[in-house]
Amino acid sequence: MAYIDEQLIIFKHMIENAIMTGGAEGKKSCITSSALINLIHEAVKTELIAHGVDANNIKPPLGETSPEIKLAGLLKQKDQDVCVLPDNIEKTPVPINWGPMAGLDLSRV
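Predicted model only: the values in this text are computed from it and were never measured.

It is worth spelling out helix 2 (residues 35-50) at this point. Its 16 residues give helix 2 an end-to-end C-alpha distance of 23 Å, which sits within 8% of 22 Å, the value for a rise of 1.5 Å per residue. All of the buried residues along helix 2 are Leu36, Leu39, His41, Glu42, Ala43 and Lys45. Its buried side turned inward, helix 2 meets helix 1 (3-32) and strand 1 (58-59). Backbone geometry just downstream of helix 2 places glycine 52 in the positive-phi region, at approximately 100°.

Next up, the structure:
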């Protein structure tokens, strides 16, 4: 059985248990916690490594939930739950001078 399948079975049991013990509120609490999505994140990281991605390039590292890498898009910045960083490019901050975030001071975000 693939690791993602194992994680999805755990995911299903966690939701079922939350519903049986806490009803709708238990389900809501389970869904809004990070426990369920972290199962999927770990499966994704495991698959990336199994397919040859250097584990040192995956952020947050396997088994960890931080540090998340902040990436900027057209409309906003977001901390990425899973990110693969290239190891052949030097990290260089680039001011955003286009789109809706142009000119905003994002240095403390």
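The tally for this structure, following the rule as stated, stands at 3 salt bridges. When the shortest N-O distance is used, the salt bridge between glutamate 16 and lysine 12 registers 2.7 Å. Taken as a pair, glutamate 16 and lysine 12 lie in helix 1 at a separation of 4 residues, close to a single helical turn. Overall, the relative accessible area of 29% leaves glutamate 16 in the partly exposed class. Take lysine 12: its relative accessible area is 48%, and that puts it in the partly exposed class.

About the cut-offs
- Residues numbered from 1 in each chain as written.
- Predicted model: local features only at pLDDT ≥ 70, side-chain atom pairs only at ≥ 80, totals over all residues.
- Heavy atoms only, no water.
- Helix = DSSP H or I, 4+ residues; strand = E, 2+ residues; numbered from the N terminus.
- Expected span 1.5 Å × (residues − 1).
- Buried < 20%, exposed > 50% of the residue type's maximum accessible area, 1.4 Å probe, protein only.
- Contact = heavy atoms within 4.5 Å.
- Salt bridge = Lys/Arg side-chain N within 4 Å of Asp/Glu carboxyl O.

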